[in-house]
Amino acid sequence: MTVLQAKFTRRSFAFGISALTGGLVLGVKHEFADAQGRPDMPSPPRELAAWVVIQADETIVIRVARSDMGQGIFTALPMLVAEELECDWARVRPEYAPVAEHAARNRPWGNMVTTDSISVRGSHEYLRKAGAQARAMLLAEAAARWNCPVEECTAKNSVVTHAASGRTVRYGALAEGAAGRPIPGTVALKRPQDWKLIGRSIPQFDTQAKVTGQPIYAIDIRLPGMLYAAVSACPVHGGKLKSFDAQKVLSSPGVRQVLPVGDTAVAIVATSWWQAKQALEALPVTWDETSGTGFSSESIRKTLLQGLDATDVVIGQHVGDVEAALASAAKVVTADYEVPYLAHATMEPQTCTAHVTDGRAEVWAPTQNGEGTLGVVAKTLNLDPSKVVVHKCHLGGGFGRRGLSQDWAVQAVLIAKAVGQPVKMIWTRQEDITHDFYRPMVVARQTAGFDREGRLVGWKTRVCGASIFARLAPQFMRNGQDISMMNGFLKADMLYAVPNFDISYAMRNNAIPVGFWRGVNYSQNGFFRETFIDEMAHAAKQDPYRFRRQLLAQAPRSLAVLDEAARRANWGHPRTPGVHQGIAVVEFDDAVCAQVVELSVSKDGEVRVHRVVCVIDPVFVVHPDTVVAQMEGCIVQGLGAVLTGEITVKDGRIEQSNFHDCPLLRIHELPRIETYIVPSGGDPTQRWGGVGESGLPPLAPALVNAVFAATGQRIRTLPLKQHKLRPA
Amino acid sequence: MIDFLVNGIQRRFERDPQTPLLWYLRDEVGLMGTRFGCGAGLCGCCTVHVGKDAVRSCVTPLASLNGASVTTIEGLGAKGLHPLQVAWIEHAVPQCGYCQSGQIMQAAALLASKPQPTDADIDDAMAGNLCRCGTYPRIRAAIKQAASGKKPDAAGKATPAATEAKARP
């Protein structure tokens, strides 16, 4: 590995991995693209249908437009293209579609946004189509050369064959001519039963790079003349930078510059990041913290609880007459719920490298949204977008932090502009935890009514919290309201049949930044809904699994997944005495996921989670092992959140700062996880389910439902650590 | 002046002796496989070997390293992939991958001292290494495989055969 090191990481512009590591190429050159601003630019030679470039040496380059942050799409998306291309998979090399060229060529690679578990479910059709188009162009080129009907030619494993004459030709020899042929408009796609690549857990491209420490992340960028920046923003959310005394640190070792970043932050630029960070700690800074006085988790809670009785709300779904049903109910159950703010805590802290000179900007970014980064950089620097180049790097975790919240890109280019040299900005972990775009703190009030036979006759839920759209994506608001805050209770994703049902949302925004956190909105609403369903079952004196079954009679997919989870977990019969079960099912991103959690509670009130059984229906599966890995990841992240996860506010400041007070799940807390994939399939032109997030929402409710089974204590506020548990 | 070895190569550092090993490796030597996660020894992303011990390079000042021999992820498999790296690949452990250098270095130190670790040994050794993606089940499986010296059989694979077979509608 020493040789690899010398070859790849010390190269002055190095940021790429080639054949040695299985072909991960991030396509980074330190130059400003000449192609900018030429919409009529011809497509490059050997490029077929935008997505495929076949080189003379038979290398099949397949472009990836979305971003890989660990969810495996750097392999799964090329599989979709290659399925139809009929190429030699061993020669495939994925490459990020260049962001600047995307803009210059009228967006040939479609949507680059990587949120909402969208990569496979939002791209599968046009990627398979692109593979089929490229194959058709290669076949047409071969037929023309052989002067035979194209129908007589077949393609397989990167070779075109004319069986009648016994002639063959490889794709590499055809690509140049094929690239000049028209892209066919309509192509037939394979039927699912004919797929050969899709559905196989083939090795991923970048695994070896990740286990040998190759420099594939934005934080690994090295450029000639590069300086390093450490940043500190006002610790009070809503506060401002007042002043700082640069003279105190300008003579510190390595320090080059001390500068304000916008009106909220200060940065130190030095010849190493450690020097910059040391000087930042020594820098006298005065903040305007007045807005933070008295602004705390307690004051936010008070505002949110008032929203539970407010009338300025938006209705998400209204079925029947819930008030009348509750008024005439024989029995009514009502309960308030609450979840705290949560941090993303990507293992790679926020970072971005930028070089801004002569009215141009070049950025190396861990971005879930390459086009978004380009737009933000252009806007921040008041540049025409054609003057911006964004190099996408693999992300050291994303989980929603690096999609629409591009604050790190803004800071990096403002600093780089002031410095005039390439600058790598890295946040400290403290900066990362205290300046996140958190999963919102949300409260809910839920009421259910039953008739004399114990049948559910009415259910209403009110949620109140800060709107993510209002903070990050006002363009998605409808009439000034954010419907998505009610996800999991809407017509499309609340599949329980209830004769009278209401969901409403009171928006209460404040200065704490909120954003998209894995399982967006379903992660808290799934907890509210599926825990309250358990309360209902208990009130109706029914088994919570069977209670759900009755209400899902008209939702066959959900019912099948729920049944499979109960069967796999041997519901009602935990294997060990003292172990108790809880169940939940959530429909999300066109996938359905049900989980059974098995846990025990010790005499001291310690919870031990023994086993999580997870059943997922993603409709179709590209790479089964990736689906399993995503379920494991969702469950581990969900466990950390439900057991200990919380971010709290005091006088406008976040009270947590690093992994000692913002703990994540550790390996010794890991339960046995069993994942079962039950794809319902069907027509592949219809919906496919997403798997990046859908395993997270059922975990918290299944877990607290198991706690109820073990203790009789109903957990309505998270995290669990705040509750004193007593085994029943 | 501090003299020490990094992956077998003699190095000398003559500036602030309080500089953490992590930033020397990354910003001075250009060994980018050792990663910054927390700066406080809380996450294990920056784990390297000093002698035979796994240490957090973010809180290891160079002053403590005179005469020491440091091994990073780049030096671990100097004679080809380390058995743990092979096992990591076979179990498809990494998701985002950012923490995996530190996980592997920690596990390598464990196996060097306990070639046949129990689950409790793995818990003890690995509990200081965080993974936000949640690759812990596979980390455990990969350590066991590397310790066994065997190739994974179907039952030991991260993906159950039943799952594989059911993956197609």
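On a predicted model such as this, the values are computed, not experimentally measured, just so you know. (Residues numbered from 1 in each chain as written. Chains lettered and ligands numbered in written order. Predicted model: local features only at pLDDT ≥ 70, side-chain atom pairs only at ≥ 80, totals over all residues.)

Colleague: Kindly report on the sheet that holds strand 1 (residues 47–48) of chain A, identifying the contributing residues and their values.
Modeller: Two pairing modes exist for strands in a sheet, parallel and antiparallel, and in both the strands are linked by backbone hydrogen bonds. Residue and element names in this part refer to chain A. Here four strands make up an open sheet; going across it, the order is 1-2-3-4 and the pairing mixed. Lying at the two open borders of the sheet, with one neighbouring strand each, are strand 1 and strand 4 (92–96). With three bridges connecting them, strand 2 (residues 52–54) and strand 3 (residues 60–64) associate as antiparallel partners. The residue bridging Ile54 from the neighbouring strand is Ile60, located in strand 3. In the packing of helix 2 (residues 73–85) onto the sheet, the strands contacted are strand 2, strand 3 and strand 4, and the crossing angle to strand 3 comes to about 125°. (Pairing = 2+ DSSP bridges. Helix = DSSP H or I, 4+ residues; strand = E, 2+ residues; numbered from the N terminus. Contact = placed C-beta atoms within 7 Å. Axes fitted to C-alpha atoms, helices over the stretch in contact; angles between N-to-C directions.)

Colleague: Pulling in residues and values, what's your account of the domain arrangement of chain A?
Modeller: Residue and element names in this part refer to chain A. If you check the domain split of chain A, you get domain 1 (13–211), domain 2 (218–290 + 350–426) and domain 3 (297–342 + 438–722). The partner domain 2 presents 27 residues to the 25 residues of domain 1 that form the contact. Ranked by residues supplied to the side of domain 1 that touches domain 2, first place goes to helix 3 (residues 99–104) with five residues. For the side of domain 1 that touches domain 2, the class distribution of residues is 15 nonpolar, eight polar and two charged. (Domains from an automatic or database assignment. Nonpolar A, V, L, I, M, F, W, Y, C, P; charged D, E, K, R; others polar.)

Colleague: Pulling in residues and values, what's your account of helix 16 (residues 544–551) of chain A?
Modeller: Residues separated by three or four positions in an α-helix point in the same direction, a consequence of the helix having 3.6 residues per turn. All names here are of chain A. Every buried residue belonging to helix 16 is among Pro544, Tyr545, Phe547 and Arg548, and all of these are buried. Viewed along the axis of helix 16, the buried residues span an arc of 160°, placing them on a single side of the element. Where helix 16 is buried, its residues touch helix 15 (522–539), helix 17 (556–568), strand 22 (580–588) and helix 19 (699–711). (Buried ≥ 20, exposed ≤ 12 C-beta atoms within 10 Å, placed from the backbone. Arc of directions from axis to C-beta.)

Colleague: Hey, could you go over the sheet that holds strand 22 of chain A for me, with residue numbers and the actual values?
Modeller: Residue and element names in this part refer to chain A. The strand order 22-23-24-27 describes an open sheet built from four strands, whose pairing is mixed. One side of each edge strand has no neighbouring strand; the edge strands of this open sheet are strand 22 and strand 27 (672–677). Across this sheet, the average inter-strand angle for adjacent strands is 15°, counted without regard to direction. The pairing of strand 24 (residues 607–617) with strand 27 spans six bridges and is parallel. Counted as the bridge partner of Ile616 is Ile677 from strand 27.

Colleague: If you had to explain the interface of chain B and chain A to someone new, which residues and values would you point to?
Modeller: Counting residues at the interface gives 57 residues for chain B and 66 residues for chain A. Contributing elements (two or more residues each) for the side of chain B that touches chain A: helix 1 (21–29), helix 2 (73–76), helix 3 (83–90), helix 4 (100–113), helix 5 (119–126), helix 6 (136–148) and helix 7 (161–166) of chain B.

Colleague: So what about the packing of helix 18 (residues 624–644) of chain A against helix 19 of chain A? Which residues, and what values?
Modeller: Residues and elements named next belong to chain A. Direction vectors running N to C along helix 18 and helix 19 enclose 55°, while the axes themselves pass 9 Å from each other. Relative to helix 19, helix 18 is oriented oblique. Of the two possible hands of crossing, helix 18 and helix 19 adopt the one that is right-handed. Residue-level contacts link Ile635, Gly638, Leu639, Ala641 and Val642 of helix 18 to Leu699, Ala700 and Leu703 of helix 19. Across the contact of helix 18 with helix 19, the residue classes tally to seven nonpolar, one polar and no charged. (Parallel < 35°, antiparallel > 145°, perpendicular 65-115°, else oblique. Left-handed = near helix turned anticlockwise from the far one by under 90°.)

Colleague: Describe the environment of Ala710 of chain A, with residues and values.
Modeller: All names here are of chain A. Along the chain, Ala710 falls in helix 19. Along the chain, Ala710 and Leu725 lie 15 residues apart, while their C-alpha atoms are 9.5 Å from each other. When sequence neighbours within four positions are dropped, the list of residues in contact with Ala710 reads His580, Leu599, Ser600, Val601, Pro727 and Ala728.

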